Amino acid sequence: MRVMLRAHMDTPATNEGIKTGALPEAIKTLMGKVKPEAAYFGLHEGVRSCWIVFDLQDSSHLPPLLEDLFLQFNAELEVGPVMNAEDLAKGLAAMAASPS
């Protein structure tokens, strides 16, 4: 299932992670594990943030994927299903085809 991870990371923790190299290493490791369809990095609500879209095969994969962001960077995380335009069109077509 296609999901989007949104992470807001603590500024003091990420400042330290930049100084030690832990932040780029954690991001590199995460990206290697999830092999994202898309990944964006920037500021949101005044803190370092990322949005990563990837295919989640099994929800049991979430704890090992996300724990570094919690432990090292005090991140606030959200993960939820998302659709691209093709998925949405397919879902809407299925709704139109089924009797109400």
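Just above, that's the structure.
Everything numeric in this text was worked out from a predicted model, so none of it was measured.

Before going further, it helps to examine a nonpolar patch on the surface. Taken together, the side chains of Met-83, Leu-88, Leu-92 and Met-95 present a nonpolar region at the surface, about 430 Å² in accessible area. In this fold, Met-83 is placed in the loop between β4 (76-81) and α4 (85-97). Among the residues examined, Met-83 registers a relative accessible area of 56% and is labelled exposed.

Secondary-structure assignment places Ser-49 in strand β3 (residues 47-55). On the basis of relative accessible area, Ser-49 is assigned to the buried category, the value being 3%. Polar contacts involving the side chain of Ser-49 include one to the main-chain carbonyl oxygen of Val-47, which spans 3.1 Å. With residues up to four places along the chain from it excluded, the contact list for Ser-49 reads Ala-7, His-8, Met-9, Tyr-40, Phe-41, Gly-42, Leu-43 and His-44.

Procedures and definitions
Residues numbered from 1 in each chain as written. Predicted model: local features only at pLDDT ≥ 70, side-chain atom pairs only at ≥ 80, totals over all residues. Heavy atoms only, no water. Patch = residues over 30% accessible without salt bridge, like charges linked within 9 Å, V, L, I, M, F, W, Y side chains within 5 Å. Areas by Shrake-Rupley, 256 points an atom, 1.4 Å probe, with all protein chains shown as cover. Salt bridge = Lys/Arg side-chain N within 4 Å of Asp/Glu carboxyl O. Helix = DSSP H or I, 4+ residues; strand = E, 2+ residues; numbered from the N terminus. Buried < 20%, exposed > 50% of the residue type's maximum accessible area, 1.4 Å probe, protein only. Polar contact = N/O pair within 3.5 Å; in protein donor to acceptor, adjacent residues only side chain to side chain. Contact = heavy atoms within 4.5 Å.

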